[in-house]
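The primary structure of each chain is shown beneath.
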Amino acid sequence: MLNNAAIAEELSRFSIPVKQPACRTPTCENAGVAAPGYSSRYQLFGRTKAGSPRWRCRACGSTCSASNRGGHRLRLPTASEDVLRLLVNKVPMRRICEVADVNPQVLYNRISRLAAQLRALSAHYEATGAPGPRWNRLHLSTDRQTHTLNWGTALERQPITLQAIATAEVLSGYVVAQHLNYDPDANPRATELLAYAAGDPERRPAFRKYARLWLPYESASDGESTQTKSASELRVPGVGGIVHENYTMAAHLQALKPWVAQASYVQFSLDLDPLLDRLCLLTFSERVREGTLDAYLVRINKDMTVSQRKQALAEAEAELGHLRSRWPQLADSDVIRAILAERFDEARVQGTPPGRVWIRHPFPTMSEPQRSVQPLTDDSRRPDAQLVAGMARATLRAMDRYFMQVRRKINVLERPIHSASSSGRAWHGYNAYSPRVVAETLDIFRVVYNFHLRGKDGKTPAQRLGLADRPFSLADLCESSPVAYSLPPGRK
């Protein structure tokens, strides 16, 4: 059981609003009301010396301005492109400082600024993109990735593990959403005092008032050891708080509802993560009952070596060649569906309950060897042809490719290094120390992956999905923004 209020709280954390220019007079009736789009409250009042649009409040006469230039109020505007290019090409943080000739504080300020700017750019194109024919049938793939940080504080040198959940559109590869179970603005220590005052430790987890965050008293009560636990063992980083993975998963699926609502039929391909399948069926229960949403679990053998995968692929090619001679009139896609239909019928004859059937895919790939699929929405009312077609399409390749790029292109998120002399211990020498940097770097890379990186067809995922008409260069991502935003006084 999960706390609905905690899910709503986590979902609201995902919605990071773009700061719009507004009247700053505290006593004015227009204070905090965004100027763009409210001609009854504001009037255009020329431009600033830098060329930014300016508005005048009709109530108090004060002015406010905004800029759609990424380098606005920066002493070194060209350094943003250098930082972005090095950041997404696996250059360590210290080397970025040396090459871009910036100090660490400027580097982290630029990362925070780029994350906010690129989040606004992505939200704008996702909100204004016209739904095309591809959106009528949406195939989404959801998976999670583990990221290890060195330690939460300098005194407690123990690694901290965070989970990132992401969903991609399979045909285009566009990463629709990505969320990390970390809240940079949370204060677990202060929240723990409020939880004790509310009597949460005596309640079941789902009925606690402060159920979203990992609080020190929860981890301290785990296990039978009476020794004092470190901050990392208590899941308390130096800054911010770690969110229970279940609430981040539930809120992530809730965040996908606007995408699901635009499609007449949706298919989910889910990895074998605990609770993910049940949360998906509960979140979209109405569409499941209507028969317009199907979900499938995908299981692959990740322990196979490259040689074993090549051998399995060669055996599958030989089997497919034999099947082509058996059904010469059918295309390869129809042959695969015919084999899946036969195996589906055999499983039913054996008495396997609906929703518990694992069907081995007859044609695995190098990235998905020994692939098996389980239809979660087999309620004995759906046509077999619909379920078989979904099993043939079920794949995690879009998420696997994205997660592979995250590991290969982001230095602070690479896998740990093992050595023979370390007695099995792993060295996280290049991993991040700050969870905030991990969250902001993931937000940056999602936009770079969607709008900048091109595939073999020369198109970006955003182009394939119809959200953009051209690839964006890194200079485009740094220098311009599709919306005008306001910055606080001062320079960064």
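Residues numbered from 1 in each chain as written. Predicted model: local features only at pLDDT ≥ 70, side-chain atom pairs only at ≥ 80, totals over all residues. Heavy atoms only, no water.

1. A look at the overall build of the protein chain
A tally of helices and strands in the protein chain yields 17 helices and 16 strands. For the protein chain, buried positions account for 48% of its 492 residues. Counting only contacts in the protein chain whose residues sit at least 6 apart along the sequence, the fraction spanning at least 24 positions is 66%. (Helix = DSSP H or I, 4+ residues; strand = E, 2+ residues; numbered from the N terminus. Buried < 20%, exposed > 50% of the residue type's maximum accessible area, 1.4 Å probe, protein only. Contact = heavy atoms within 4.5 Å.)

2. Let's talk about the packing of aromatic side chains
Under the criterion given, the structure shown has 11 aromatic pairs. Measuring from centroid to centroid gives 5.9 Å for tyrosine 402 and phenylalanine 403, while their planes differ by 45°, and the two rings are tilted. Phenylalanine 403 matches tyrosine 402 in its accessibility class, with the two residues each being buried. Through a chain of ring-to-ring contacts, the aromatic side chains of Tyr125, Tyr174, Trp259, Phe451 and Phe472 assemble into a single cluster. Here arginine 470 stacks its cationic end above the ring of phenylalanine 472, 4.5 Å away from the centre of that ring. (Phe/Tyr/Trp six-rings, centres within 6.5 Å; stacked < 30°, edge-to-face > 60°. Lys NZ or Arg CZ within 6 Å of the ring centre and 35° of its normal.)

3. Section: the state of the cysteines
Enumeration over the complete set of coordinates arrives at zero disulfides. Unpaired in terms of disulfides, cysteine 28 finds its nearest cysteine sulfur in cysteine 57, a separation of 3.6 Å. (Disulfide = S-S within 2.5 Å.)

4. Let's talk about the pairing of strand S10 (residues 265-270)
Most of S10 is tucked away: six of the six residues are buried. The two faces of S10 match: Tyr265, Gln267 and Ser269 on one face and Val266, Phe268 and Leu270 on the other face are all buried. Bridging between strand S5 (residues 137-149) and S10 involves six bridges; their strand directions are parallel. When the sheet's bridge partners are listed, histidine 139 is paired in S10 with glutamine 267. (Pairing = 2+ DSSP bridges.)

5. A closer look at unusual backbone geometry
Although it is not a glycine, leucine 275 adopts a positive phi angle of roughly 75°. Among the secondary structure elements, leucine 275 is positioned in the loop between S10 and helix H9 (276-283). With phi around 50°, glutamine 370 is a residue other than glycine that occupies positive phi space.

6. Looking at the confidence of the model for the protein chain
The predicted model of the protein chain has a mean per-residue pLDDT of 84, with 85% of residues at 70 or higher. Within the protein chain, the element-level pLDDT minimum falls on strand S15 (residues 426-427), averaging 56, and the maximum on strand S7 (residues 175-180), averaging 96. The low-confidence segment residues 223-232 (pLDDT under 50) makes 11 contacts with residues lying over four places distant or belonging to another chain. A low-confidence stretch, residues 486-492 stays under pLDDT 50, and its non-local contacts, those more than four residues away or across chains, total 20 contacts. (pLDDT = per-residue confidence, 0-100.)

7. A short note on the sheet that holds S10
Spatial strand order, S7-S6-S5-S10-S11-S13-S12: seven strands in an open sheet with mixed pairing. Because the sheet does not close on itself, it has two edges, and the strands there are S7 and strand S12 (359-360). Sheet topology places S10 next to strand S11 (residues 293-299); five bridges connect them, and they run parallel. Bridge pairing in S11 links valine 266 to leucine 293.

8. With respect to the pattern of salt bridges
Scanning the entire structure with this criterion turns up 23 salt bridges. A salt bridge links arginine 212 to glutamate 10, with the shortest nitrogen-to-oxygen separation between them at 2.8 Å. Here the residue arginine 212 occupies a position in the loop between helix H5 (188-198) and helix H6 (216-220), and glutamate 10 occupies one in helix H1 (residues 4-14), the gap between them amounting to 202 residues. In this structure glutamate 10 comes out as buried when scored by relative accessible area, which is 0%. What you see here is one network of salt bridges that share partners, running through Glu9, Glu10, Arg13, Asp183 and Arg212. (Salt bridge = Lys/Arg side-chain N within 4 Å of Asp/Glu carboxyl O.)

9. A look at the packing of helix H11 (residues 306-326) against helix H12 (residues 332-349)
Relative orientation of the contacting elements H11 and H12 amounts to 95°, with a least axis distance of 10 Å. When the axis of H11 is compared with that of H12, the two are roughly perpendicular. Every residue of H12 that contacts H11 at Glu319, Leu320, Leu323, Arg324 and Arg326 is listed here: Asp332, Val335, Ile339, Glu342 and Arg343. Residue composition of the contact of H11 with H12, grouped by class: four nonpolar, no polar and six charged. (Axes fitted to C-alpha atoms, helices over the stretch in contact; angles between N-to-C directions. Parallel < 35°, antiparallel > 145°, perpendicular 65-115°, else oblique. Nonpolar A, V, L, I, M, F, W, Y, C, P; charged D, E, K, R; others polar.)

10. Some words on the sheet that holds strand S3 (residues 63-65)
One open sheet accounts for three strands, arranged S1-S2-S3; its pairing is antiparallel. Edge positions in the sheet fall to strand S1 (42-47) and S3, since each has one partner strand and no second. Averaged over all neighbouring strand pairs, the angle between strand axes comes to 35°, with direction disregarded. Pairing analysis gives four bridges linking S1 to strand S2 (residues 53-57), with the strands arranged antiparallel. Its bridge partner lying in S2, leucine 44 is registered against tryptophan 55.

11. Some thoughts on the layout of surface pockets
When its volume is computed, the second largest pocket comes out at roughly 690 Å³. Residue lining of the second largest pocket: 20 residues in total, with Lys302, Asp400, Phe403, Met404 and Arg415 positioned closest to the centre. Among the secondary structure elements, those contributing two or more residues to the lining of the second largest pocket are S5 and helix H14 (397-409). Of the residues contributing to the lining of the second largest pocket, the split by class is four nonpolar, five polar and 11 charged. (1 Å grid on protein atoms, 1.4 Å probe; cavity = no way out; pocket = protein on both sides within 12 Å on 5 of 7 lines; lining within 4 Å. Points joined across faces, edges and corners; volume = space filled by probe spheres on them.)

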